[in-house]
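Results of the structural survey
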There are 2 protein chains.
Amino acid sequence: MTLPARAQEPGTTSTLHPGSDGAGVVRRTVLPGGLRVITETMPTVRSAAFGIWAGVGSRDEDPADAGASHYLEHSLFKGTTRRTAMEISAEVEAVGGDINAFTAKEYTCYHARVLDRDLPLAVDVISDMVTGALNRPEDVEAERGVILEEIHMQEDEPGDLVHDEFAAALFGDTPLGRPILGTEDSINALSRDRIHGYYRHHYVPPNLVVSAAGNLDHDEVVALTERAFAAVLHGDARPAAPRIGGETVPLGPRTRVIGRDTEQAHLVLGGPGLRRTDERRFALGVLSAVLGGGMSSRLFQEIRERRGLAYSVYSYTSQYADTGLFGVYAGCQPEKADEVLAICREEVARVAGHGLTGEELARGKGQLRGGTVLGMEDTESRMNRLGRSELVYDALLSVDEILARIDAVTLDDVRAVAADVLGGPQSLTVIGPFGEHDFDL
Amino acid sequence: MTLPARAQEPGTTSTLHPGSDGAGVVRRTVLPGGLRVITETMPTVRSAAFGIWAGVGSRDEDPADAGASHYLEHSLFKGTTRRTAMEISAEVEAVGGDINAFTAKEYTCYHARVLDRDLPLAVDVISDMVTGALNRPEDVEAERGVILEEIHMQEDEPGDLVHDEFAAALFGDTPLGRPILGTEDSINALSRDRIHGYYRHHYVPPNLVVSAAGNLDHDEVVALTERAFAAVLHGDARPAAPRIGGETVPLGPRTRVIGRDTEQAHLVLGGPGLRRTDERRFALGVLSAVLGGGMSSRLFQEIRERRGLAYSVYSYTSQYADTGLFGVYAGCQPEKADEVLAICREEVARVAGHGLTGEELARGKGQLRGGTVLGMEDTESRMNRLGRSELVYDALLSVDEILARIDAVTLDDVRAVAADVLGGPQSLTVIGPFGEHDFDL
């Protein structure tokens, strides 16, 4: 068992995983000031992925700040004490690299993927953004328009929007229930000073994680990071504890219909799921794979293969520190929505009442096992895993440990978690050409 | 220079590329009956990607067949003489693999990605689909609903749909101008016999290519393919010639407005581009990178970074056997559409008239070089490159050859291709809350 970062002495390096057939060496250094650097070696590739993670996301926002984490993420691309916006992107793109960022409910990540020889450049550019952003008033103002356009774009994609609306139905007017992008009103109300203050408050070394994976040398990444962060690497702060626990109380089951003149009805049926660290997550993963995780899943077979009622139908889970969600999505003709919904309800009730067959359990476990290994073949996936694990998990499982947990799932485990998660009344969110009460029971 | 497949003696294997630092060994075997097997070794990965490519796509369709290539692609998943639909997906998903397919205008591909030890399974399942599909009337009927739902889903994504509408504006009512999915009417009119006849006609060994990349042995892939295709590997047919040349005549510049109650205006401005084998494609690639290929591009900088008018703005090219297209996309507030369009027109005219600066040329070349190398790190990209090259190019360039062609691009090359491709009046397609004549000049 590995020490958590906050217990590791500043200035020291520990080996979290020694490397094996399917995984590289994972090492973590804690720098003075509480900044963590975590890397994984992949000596057979010619590239490297690099990211800086901030332990802040939309669930840290007050209603008055709604959308601030994501707005700030955009603002960091607008210029630093050393680089203009153009220089930030041009330097990485000139060597064929990609630079980008994303904001989630519980973290924010700035990342680049480059040829291995260009890793020093990627470290320098992204560290500069994270430590030296100016958030100039005129830039924050120009970016407001971009974010409003991002919101409008999502409004034009109902199959995407319905997931945000479902989370809102489940978690209500809480930080977890509000959209990551904010709303038109909240974005219009955010001032430059508020954005900049948010940056100064949250982007501090104990709350940041540097992660990298690829053809790299850990000590070199540490040295590059030390140089880039030199001004703030002092003091005896320890890394922040991972974001575990919390207190979101999901609302009771409810039906929410958003009337739109769309071609398809976009439905999500589901309810609260598991928190991220819940040991039952492996059993729920197997369950979700068999219920709606691929073309051989029950929902796909029944709704698409046998009846031809939908093109896209699947189940999914989201995990947060203190709760999660489980949803089933389908897009279908509006006049078939009742039929599709009835099948979804029936399949959900059937697994909740009876679990899976032995054959399904074996298939679901195989699907999860293989998907785990295949999903970690590129540098970006591994970099993502390191950064996210460090911020929001209590331990970084090795690939072998993950596979062992999947192998250990039993029919009883699945039956128990299915009854817990899917046994009660489900919430429903629909976008389509409907009236408010069209789906009342 | 490598022999084209049709000149290679059936029953022989040739080495197309001997392998180098950045690329594996590429070998091709031509089997009796004209079936090609082409593989690339990637000994440092633990997975393999496998695909079977048919040299048929929507541009081979009569108006009465519109959508048949894609409909058939769906139908092949519905069952064979040896497997039910459930067995096709379950066998691959049970080992954690992905199985899928896509239809383009000039080819169709069925593919899977699996752990290397499961490659024999992937070869067996996908070969079974391609050689043993039943296309049963009741299955074709059920799948009709799925395809109609796919069409409806695309109708709900205007930022996607606008590209189809732009191609229609450019190429008119020709096979290249019609949508790959077909239309509601054409799908409703297609009979099972027509679909099955299309299958029997086009899915013949000379018109198929087997491609694979990953931790594999070429001779083993050939042996597996021989076993799976045993019934049809006879006769002296040679592989079909690559699809080169043709006769599509793009329509003159035109403006097309599709009125929809969307949040954003979705615009595409552009015109005919280059055919796939045009040597100027490398210069056009550099031009497109600088004009709208990333965050440092002129369009991104001017429209998003400086003025905050759009979230998504980019340029793109498509290539076909005999022609191509060049387009600039932007999504913005409807009331800003005129302003955004004016900037796009101005930037297009500026590169058409003056080309790039030396600094931009260097950046564009670096972007293309690095992107080429980074884009070939996974098994699926390499498998795709092999299959597509074999069907629609006259030669498979090595990575080093591609990089050399990019390096050779000069300012004059870019200026010449910019004048040719972007120098004339441009076509415009808009989806948004507008009237038919809102964009008339």
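Residues numbered from 1 in each chain as written. Chains lettered and ligands numbered in written order. Predicted model: local features only at pLDDT ≥ 70, side-chain atom pairs only at ≥ 80, totals over all residues. Heavy atoms only, no water.

1. Concerning the overall build of chain A
- Looking only at helices and strands, chain A features 15 helices and 12 strands.
- Its C-alpha atoms give chain A a radius of gyration of 23 Å, within 12% of the compact-globule value 22 Å for 441 residues.
- Along the longest, intermediate and shortest principal axes, the C-alpha atoms of chain A span 60 × 50 × 40 Å.
- A buried classification covers 61% of the 441 residues belonging to chain A.
- Residue pairs at least 24 apart in sequence account for 79% of intrachain contacts in chain A once pairs closer than 6 positions are excluded.
- Taken as two groups, the 43 positive and 67 negative side-chain charges of chain A have centres that lie 4 Å from each other. (Helix = DSSP H or I, 4+ residues; strand = E, 2+ residues; numbered from the N terminus. Rg over C-alpha atoms; globule rule 2.2 N^0.38 Å. Buried < 20%, exposed > 50% of the residue type's maximum accessible area, 1.4 Å probe, protein only. Contact = heavy atoms within 4.5 Å. Lys, Arg positive; Asp, Glu negative; His and termini not counted. Charge placed at Lys NZ, Arg CZ, Asp CG, Glu CD.)

2. Focus on the relation of the copies chain A and chain B
- Each copy of the sequence occupies a distinct position, and chain A is placed on chain B by a rotation of 180 degrees and an axial shift of 0.0 Å, giving an RMSD of 0.0 Å. Viewed as a symmetry operation, the transformation between the two copies matches a two-fold axis.
- Looking at chain A, 100% of its interface residues are interface residues in chain B too, so the copies touch through the same face. (Least-squares fit on C-alpha atoms with pLDDT ≥ 70 in both.)

3. Re helix H9 (residues 281–292) of chain B
Residues and elements named next belong to chain B.
- If you check H9, its first and last C-alpha atoms are 16 Å apart, about what 12 residues at 1.5 Å a residue would give, namely 16 Å.
- Taking burial as the measure, the 12 residues of H9 include 11 buried ones, the bulk of the element.
- Along H9, the residues that are buried comprise Arg281, Phe282, Ala283, Leu284, Val286, Leu287, Ser288, Ala289, Val290, Leu291 and Gly292. (Expected span 1.5 Å × (residues − 1).)

4. A closer look at the environment of Glu247 of chain B
Residues and elements named next belong to chain B.
- Mapped onto the elements of the fold, Glu247 is located in the loop between helix H8 (218–228) and strand E8 (255–259).
- The exposed category is assigned to Glu247, whose relative accessible area is 73%.
- Between the C-alpha atom of Glu247 and that of Asp322, which follows or precedes it by 75 residues, the distance is 6.3 Å.

5. Digging into the pattern of salt bridges
Residue and element names in this part refer to chain B.
- Evaluation of the coordinates by the stated rule reveals 70 salt bridges over all chains.
- In this structure, the salt-bridge partner of Glu106 is Arg59, at a minimum N-O distance of 2.6 Å. With a gap of 47 residues between them, Glu106 in the loop between strand E5 (98–103) and strand E6 (108–115) and Arg59 in the loop between strand E4 (47–54) and helix H1 (68–75) connect regions that are remote in the sequence. Pair check on accessibility: Glu106 and Arg59 agree, each one buried. (Salt bridge = Lys/Arg side-chain N within 4 Å of Asp/Glu carboxyl O.)

6. Focus on the interface of chain A and chain B
- Of the residues lining the interface, 63 residues belong to chain A; the matching set on chain B comes to 63 residues.
- Roughly 5,200 Å² is buried in total at the junction of chain A and chain B, and carbon and sulfur atoms are behind 56% of that figure.
- Across the chain A-chain B interface, the total number found is six salt bridges.
- In this structure, Glu377 of chain B and Arg113 of chain A form a salt bridge, with 3.4 Å as the shortest nitrogen-oxygen distance.
- Where chain A packs against chain B, one counts 32 residue pairs in polar contact (both at pLDDT 80 or more).
- Only helix H2 (85–93), strand E6 (108–115), helix H4 (137–155), helix H10 (298–306), strand E10 (310–319), strand E11 (324–332) and helix H12 (358–374) of chain A provide two or more residues apiece to the side of chain A that touches chain B.
- No other element matches H4 of chain A, which puts nine residues into the side of chain A that touches chain B.
- Residues of the side of chain A that touches chain B, tallied by class, amount to 21 nonpolar, 25 polar and 17 charged. (Buried area = accessible area lost by both parts, 1.4 Å probe. Polar contact = N/O pair within 3.5 Å; in protein donor to acceptor, adjacent residues only side chain to side chain. Nonpolar A, V, L, I, M, F, W, Y, C, P; charged D, E, K, R; others polar.)

7. As for the confidence of the model for chain A
- Confidence along chain A averages 95 in pLDDT terms, with 99% of residues attaining 70 or more.
- Our summary of model confidence lists the complex with pTM equal to 0.95 and ipTM equal to 0.94. (pLDDT = per-residue confidence, 0-100.)

8. Examining the UniProt feature "domain: Peptidase M16 N-terminal" (unreviewed entry) in chain A
- The feature "domain: Peptidase M16 N-terminal" (unreviewed entry), as given by UniProt, occupies residues 36–183 of chain A in the numbering adopted here.
- Structurally, residues 36–183 of chain A is divided into 43% helix and 19% strand, and its ends, taken at the C-alpha atoms, are 33 Å apart. (UniProt positions renumbered as here; feature names shortened; annotations may be inferred.)

9. So, the side chain of Gln301 of chain B
- Position of Gln301 of chain B relative to the elements: it lies in helix H10 (residues 298–306).
- The contact partners of Gln301 of chain B, leaving out residues within four places of it in the chain, are Ala85, Met86 and Ser89 of chain A together with Met295, Ser296 and Arg306 of chain B.

10. Some words on the packing of aromatic side chains
- Applying the stated criterion across every chain yields a total of 18 aromatic pairs over all chains.
- When the centroid spacing of 5.8 Å and the interplanar angle of 85 degrees are considered together, the rings of Trp53 of chain B and Phe102 of chain B count as edge-to-face. A residue pair is termed long-range when its members are at least 10 positions apart, and Trp53 of chain B in strand E4 and Phe102 of chain B in strand E5 qualify at 49 residues.
- Using a relative accessible area of 27% as the deciding quantity, one classes Phe102 of chain B as partly exposed.
- Ring plane angle 65 degrees and centroid distance 6.2 Å describe the contact between Tyr110 of chain B and Tyr203 of chain B, whose orientation is recorded as edge-to-face. Placement of Tyr110 of chain B in strand E6 and of Tyr203 of chain B in the loop between helix H7 (192–202) and strand E7 (208–214) is noted, with a sequence separation of 93 residues between them. No difference in accessibility class separates Tyr110 of chain B from Tyr203 of chain B, as the two residues are buried.
- Every member of this aromatic cluster is reached through a ring pair, and the members are Phe77, Tyr110, Tyr199 and Tyr203 of chain A.
- Geometry around Tyr393 of chain A places Arg276 of chain A over its ring, the cationic atom sitting 5.9 Å from the centre. (Phe/Tyr/Trp six-rings, centres within 6.5 Å; stacked < 30°, edge-to-face > 60°. Lys NZ or Arg CZ within 6 Å of the ring centre and 35° of its normal.)

11. A few points about the side chain of His218 of chain B
All names here are of chain B.
- Counting through the fold element by element, His218 comes out in helix H8.
- Taking relative accessible area as the criterion, His218 reaches 3% and is therefore assigned buried.
- One polar contact links His218 to Thr39, side chain to side chain, over a distance of 2.9 Å.
- Among residues more than four places away in sequence, those in contact with His218 are Thr13, Arg27, Arg28, Thr29, Val37 and Thr39.

12. A look at the pairing of strand E10 (residues 310–319) of chain B
- By the bridge criterion, eight bridges tie E10 of chain B to strand E11 (residues 324–332) of chain B in an arrangement that is antiparallel. Counted as the bridge partner of Gln319 of chain B is Gly324 of chain B from E11 of chain B. (Pairing = 2+ DSSP bridges.)

13. Overview of the domain arrangement of chain A
Residues and elements named next belong to chain A.
- Partitioning chain A into domains gives domain 1 (13–228) and domain 2 (255–432).
- For domain 1 and domain 2, the distance between their C-alpha centroids amounts to 27 Å.
- Between domain 1 and domain 2, the residue contacts involve 49 residues of the former and 44 residues of the latter.
- Summed over the shared surface of domain 1 and domain 2, the result is seven salt bridges.
- Of the charged contacts in the structure, one is a salt bridge between Arg28 and Glu390, with a shortest N-O distance of 3.1 Å.
- Seen at the junction of domain 1 and domain 2, the total is 13 residue pairs in polar contact (both at pLDDT 80 or more).
- Listing elements by their share of the side of domain 1 that touches domain 2, those giving two or more residues are strand E1 (12–17), strand E2 (26–30), strand E3 (36–41), strand E4 (47–54), E6, helix H5 (158–171) and strand E7 (208–214).
- Its residues assigned to classes, the side of domain 1 that touches domain 2 comprises 26 nonpolar, 14 polar and nine charged. (Domains from an automatic or database assignment.)

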